[in-house]
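What the coordinates show
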Amino acid sequence: MILTGRAPFARFGFLDAARARLLLGPRGLGLWDDAAAVPAGDGATEIMACLATAADPDLALLALTRVEEAQPAGGALLPRLRRSAGLRERLLAVLGASAALGDHLAAHPGDWRLLDDTEQARSRPSATALRTRLLTAVGVDPDADRPRARGNDATVLADLRVAYRRCLLTLAGADLTGRLELEDVGAELADLAAATLAAGLAIAETFLPADAAACRLAVIAMGKTGGRELNYVSDVDVVFVAEPATPEADPTAAMHTATLLAGHLIRVCGEVAWPVDAALRPEGKQGPLVRTLDSHAAYYERWARTWEFQALLKARPVAGDADLGQRYIDRLSPLVWRAADRDHFVEDVQSMRRRVEATLPAGEAVRELKLGPGGLRDVEFAVQLLQLVHGRADESLRSGTTLVALHELGAGGYVGRKDAATLAAMYRWLRTVEHRLQLQRLRRTHRIPVEEPELRWLARSLGYQGKPGASSVDAFEADRARHAREVRRLHEKLFYRPLLQSVARVSGEELQLPPAAVVARLQVLGFADPVGAIRHLEALTAGVTRSAAIQRTLLPAMLRAFADAADPDAGLLAYRQVSDALGRTPWYLRSLRDEGLVAERLALLLGSSRYVADLLGRAPQAMRMLSNDDELRPRSLETLRNSMLAAARRSGDREAAVVTARGQRRAELLRIACADLLGLLDVDAVGVALSEVTEATLAAALVTAFAAVAERRGSKPAMRMSVIAMGRLGGREVGYASDADVLFVFDPLPGADESEATVAAHEVAEEMRRLLSVPAPDPPLGVDAGLRPEGRQGPLVRSLGSYAAYYERWASVWEAQALLRGRPVAGDDDLGQQFVRMITPHRYPAGGLSSRDVTEIRRIKARVDSERLPRGADPATHFKLGRGGLADVEWTVQLIQLLHGHAHPGLQTTGTLAALSAAADAGLIAAPDARDLRAAWRLASRVRNAVTLVRGRPADSLPHLGREMVGVARAVGYPARDEPGGFVEEYLRTTRRARAAVERVFYA
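Note that this is a predicted model, so its numbers are computed, not measured. (Residues numbered from 1 in each chain as written. Predicted model: local features only at pLDDT ≥ 70, side-chain atom pairs only at ≥ 80, totals over all residues. Heavy atoms only, no water.)

**So, the overall build of the chain**
Helix and strand content of the chain: 45 helices and 12 strands. Compactness check: the chain gives a C-alpha radius of gyration of 41 Å against a globular reference of 30 Å for 1004 residues, more than 25% above the reference. In terms of principal-axis extent, the alpha carbons of the chain reach across some 130 × 85 × 50 Å. Relative to all contacts within the chain whose residues are 6 or more apart in sequence, the contacts with residues 24 or more apart total 73%. When the accessible area of the chain is evaluated, it comes to approximately 41,300 Å², of which 51% is carbon and sulfur surface. For the chain, the centre of its 129 positive side-chain charges and the centre of its 125 negative side-chain charges are spaced 2 Å apart. (Helix = DSSP H or I, 4+ residues; strand = E, 2+ residues; numbered from the N terminus. Rg over C-alpha atoms; globule rule 2.2 N^0.38 Å. Contact = heavy atoms within 4.5 Å. Areas by Shrake-Rupley, 256 points an atom, 1.4 Å probe, with all protein chains shown as cover. Lys, Arg positive; Asp, Glu negative; His and termini not counted. Charge placed at Lys NZ, Arg CZ, Asp CG, Glu CD.)

And the structure:
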């Protein structure tokens, strides 16, 4: 970089240009030619460039001046700085980033040579090398069995402090110039802490009285030191474990010696480097500083709280008696991996994180790098919770290092690869910011500064550079906000994942059962064919693929969910089939693992309903809806109709158009069935939802049929048509297995030939029925026009005038009764409304029914009861035609409508329960009778739906006792803990009361 003209010091990043000119000029470092306004001498341009990239060029220049002034006469610093690119880069980076290390170099002016060692800058010192360096500094033979320093005076402490700072200086030089990854920095800082503890313990030995009893003392590192991910300035968390030197020695005297050693070690390290914190020991600060191994074990086995096991996850011996330290780890480590078996373990860890957050003042939390939302603790708590839950069975997850554990969680499928990579990148960024904050003054801090100069220094130390329109501080703050949001999002996704609680409820022993024990365990869980279940499990989890790894994570928890269902065997089989269909689809296993309740819901649904299993097997991608209650809410009629009609109009292939509409119907049926079984819909809402999806399907089929007939004829049919819903569809009370009862009505267009319009209308109606019956992987939708005039012997389609003439002259009372449910659902709406106006006098006859008509209705009902009930069917449990069943309630309500509908507008409704409520409000039926009829109708409707859901096919009677009965009882909402016999008794009691009401009202 060659500069001309007046010295533009601001371009080098100097804020104090006058001081920079003075310090760099001839009377200062001699690096600047003030007259020529250019760098002076060899290497000066390069030195200026390095100053310009320092975190704080002013600080770096001032510190360099101080270090140079401290050099002995004829010092070699500046000449070497001009020649050595490595020294320039490392020294000026350190001086610009750390005022504390600048002070050290000014006080020890020869230590700059440590940054001139290119070979040393390229490689990290080993833990042994650091230990040797610090022990040697206090006069200890590193190979001694029990190192003892040369003394404990101020000189020894000062020598250790200087040796520690020199190691720190070398590390900072490599860190700030990008020679080391974050993981290497954290590991070297932890190794340096361990070396300092070893040297401090050697000094502590010199404080013991001559007659002190011999003991064995091990220092166990916890927290970041234990995890080998330490930051520049941190309390070093430790636990002390001690034993007498020999079995016959006095344990009390030995523990007294150990306590003295531990106390002196804490004081020495506090004076030399950083505070030693022993608060993670059993009973915290209230407990003894030193315990025996047996005492530690007894405490953790009996009294330790959840967070104490979480802290033990990072424990490792770092100083003192290595054998005793390893025995401590071997003894206590198994307890860590049993902690998640404790009741409410996951909730305890989550609660602890919330308590930590609650301690932060609201205004400070946003700038708190460690404890605030989106901070380091969010990452660490999420990773540790996942480790403690899944690490019981997977030893690869047992690392005390956060980034190593996170990598293994991703590799093992416990966390999505993308989530693991994102979280690791965010954690590295946060830890790097933490390092830079602490390196400046070598003080413990986690608070992002507020003042502009400090923020500018921090941003530049991290490599942020200003751009036009955005300063380095702007760029840093934008990244900080983005990192906080992303860390918080992933923390909440992983830390509060419901699957964690399910997996934690599976004991560690269950996760590692031998094959014979697995069979027994599956039998206990309710699997009738445990050997077959094992085959399914082996097929799902075999191999080393990522899918198999995720299945091994999911299945322990899902097995319990299958066990809660009525048919665990069928559920596991269906799950295997769905997994086979979707196993290679990236979102499938990811959604089971990550998306809230999907895994538990899927297991429960597949083990409860063959209907759901069959629908999912044909459209497994639809299981995405299980992640969100809102996704399980039925779509509106308008949305369904628009969607299906749009699909029908887009396709040129008429059969394909209706198949598409039927596919949408299949997805909606699945949505409704899942919501029903999960308790999100009551029976009334289920009936409405099923009716609306049927209406939308009929509308799409009718439009497509019209288009198909027009193509064949070469012109549009000269008529308009409406589809009139009858039966349960008319009442908006459709069940899962209901056909669509309809009438077809048409009206010729003005000037059209009626006979030609009649033929066209027949063609459209037949084409519509054909399209809905084309073979496809969908539940069938039968279109039944059997309630038309003259029944199946009459024409399929009639004109509006023909219907009017028939009902005026020939209709019987049962046909008027059938018309009570009639309402238009597809086709020409105006024509449909004309039909409704035409039939209103027939279904709500003026003056009500004659006694003869009432007798006829009762006679027909008696024939239905005696002739249509299947042979061998139990009238007590046939929910359609049995005593107190659907027919009993509906005929009773319809008789009231025929008798009184003309006088009470509230009765002029197609819905059974709406009409029943109107009758009760009008005093036409006693309130207790209305209550009993309503209860029976709702229960019978729920049971009818439940039977279809459980068996996968319709039936009109309660199943015999067995798994199907258990499934029906649970699908209806009967408590799983109760025997289904209680449910049957409730059904019989409810229908007996309804039958008594029918006797009083219908036959009165």
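Still more ground to cover, so stick around.
**A short note on the side chain of Asp111**
Within the secondary structure, Asp111 sits in the loop between α6 (99–107) and α7 (118–122). The class for Asp111 is buried, based on a relative accessible area of 6%. Of the polar contacts made by the side chain of Asp111, one reaches the side chain of His104; its length is 2.7 Å. Residues contacting Asp111, with those up to four places away along its chain left out, are His104, Leu105, Arg166 and Leu169. (Buried < 20%, exposed > 50% of the residue type's maximum accessible area, 1.4 Å probe, protein only. Polar contact = N/O pair within 3.5 Å; in protein donor to acceptor, adjacent residues only side chain to side chain.)

**Description of the packing of aromatic side chains**
Within this structure, the stated rule accounts for 16 aromatic pairs. Relative to Tyr300, the ring of Tyr299 lies with its centre 5.6 Å away and its plane at 85°, an arrangement referred to as edge-to-face. When the centroid spacing of 5.9 Å and the interplanar angle of 75° are considered together, the rings of Tyr464 and Phe476 count as edge-to-face. Linking Tyr464 in the loop between α21 (452–461) and α22 (472–495) with Phe476 in helix α22, this pair joins segments that are 12 residues apart in sequence. The exposure class assigned to Tyr464 is buried, which follows from its relative accessible area of 13%. Relative accessible area serves as the criterion here: at 0%, Phe476 is assigned to the buried category. Three or more aromatic residues joined by ring pairs make a cluster, and in this case those are Phe9, Phe12, Phe14 and Trp32. Note that Arg353 overlies the ring of Phe381, its terminal NZ or CZ placed 5.9 Å from the centroid. (Phe/Tyr/Trp six-rings, centres within 6.5 Å; stacked < 30°, edge-to-face > 60°. Lys NZ or Arg CZ within 6 Å of the ring centre and 35° of its normal.)

**Quick look at the nonpolar core**
Among the nonpolar cores identified, the biggest contains 169 residues, and Leu197, Phe240 and Tyr328 are the most heavily contacted of them. In terms of residues, this core owes the most to one element, helix α10 (residues 182–205), which gives 15 residues. Filtering out sequence-adjacent residues up to four positions away, Leu197 remains in contact with Val219, Val236, Val238, Leu265, Cys269, Trp274, Val276, Val318 and Ala319. Core analysis: the next-biggest nonpolar cluster, separate from the first, contains 148 residues, Val693, Leu771, Leu895 and Val950 among them. (Core = buried A, V, L, I, M, F, W, Y, C linked by side-chain atoms within 4.5 Å.)

**Looking at unusual backbone geometry**
We note that Leu442 has phi near 50°; this positive angle belongs to a residue other than glycine. Relative to the helices and strands, Leu442 resides in the loop between α20 (417–441) and α21. Under the relative-accessibility criterion, Leu442 is labelled buried at 14%. Positive phi is not limited to glycine here, since Glu790 has a value of about 70°. On the secondary structure map, Glu790 appears in the loop between β10 (783–784) and β11 (797–799). Note on Glu790: relative accessible area 44%, which makes it partly exposed.

**What about the pattern of salt bridges?**
Per the counting criterion, the structure on display carries 72 salt bridges. A salt bridge links Arg635 to Glu668, with the shortest nitrogen-to-oxygen separation between them at 3.2 Å. Of the two residues, Arg635 sits in the loop between α31 (610–618) and α32 (637–650) while Glu668 sits in helix α33 (residues 654–677), which places them 33 residues apart along the sequence. Bridged by salt links that share partners, the residues Arg124, Asp184, Glu188, Asp191 and Arg228 form one connected network. (Salt bridge = Lys/Arg side-chain N within 4 Å of Asp/Glu carboxyl O.)

**Here we look at the packing of helix α28 (residues 568–582) against helix α30 (residues 598–608)**
For any two helices packed against each other, the geometry comes down to the angle between their axes and how far apart the axes lie. With their axes 7 Å apart at the nearest point, α28 and α30 run at an angle of 120° to one another. As α28 packs across α30, the resulting crossing turns out to be right-handed. From α28, Ala570, Gly571, Ala574 and Tyr575 reach across to α30, where they touch Leu602, Leu606 and Gly607. A breakdown of the residues in the contact of α28 with α30 according to their chemical character gives 5 nonpolar, 2 polar and no charged. (Axes fitted to C-alpha atoms, helices over the stretch in contact; angles between N-to-C directions. Left-handed = near helix turned anticlockwise from the far one by under 90°. Nonpolar A, V, L, I, M, F, W, Y, C, P; charged D, E, K, R; others polar.)

**Quick look at the environment of Thr132**
Position of Thr132 among the secondary structure elements: in helix α8 (residues 127–137). You can call Thr132 partly exposed: its relative accessible area is 31%. In this structure, the C-alpha to C-alpha distance between Thr132 and Ala198, residues 66 residues apart in sequence, is 9.7 Å.

**What about helix α34 (residues 683–713)?**
Every α-helix carries 3.6 residues per turn, so stepping three or four residues along brings you back to the same face. Helix length check: α34, at 31 residues, gives a terminal C-alpha distance of 45 Å against a target of 45 Å (1.5 Å per residue), a fit within 8%. Most of α34 sits out of view: 22 of its 31 residues are buried. Sitting at the head of α34, Asp682 places a side-chain oxygen 3.2 Å from the backbone nitrogen of Asp684. (Expected span 1.5 Å × (residues − 1).)

**As for the environment of Ala279**
Along the chain, Ala279 falls in the loop between β5 (276–277) and β6 (290–291). Measuring from C-alpha to C-alpha, the distance between Ala279 and Val239 comes to 8.1 Å, with 40 residues separating the pair along the chain. If we skip the residues at most four places from it in the chain, Ala279 touches Gly284 and Lys285.

**Comments concerning the side chain of Glu695**
Tracing the backbone shows Glu695 in helix α34. Excluding anything up to four places from it in sequence, Glu695 contacts Leu637, Arg641, Leu729, Arg732, Arg823 and Val825.

**Overview of the confidence of the model for the chain**
Of all residues in the chain, 96% have pLDDT values of 70 or greater, and the mean over the chain is 90. Within the model, the stretch residues 1–7 combines pLDDT values under 50 with 15 contacts to residues more than four positions away or in other chains. (pLDDT = per-residue confidence, 0-100.)

**Describing the environment of Val745**
For Val745, the location among the structural elements is in strand β9 (residues 740–748). Of the residues examined, Val745 reaches a relative accessible area of 0% and is grouped as buried. Residues Val745 and Ala520, 225 residues apart in the sequence, show an inter-C-alpha distance of 63 Å. The residues contacting Val745, other than those within four sequence positions of it, are Arg720, Met721, Ser722, Ile724, Arg798, Ser799, Leu800, Tyr803, Leu831 and Phe835.

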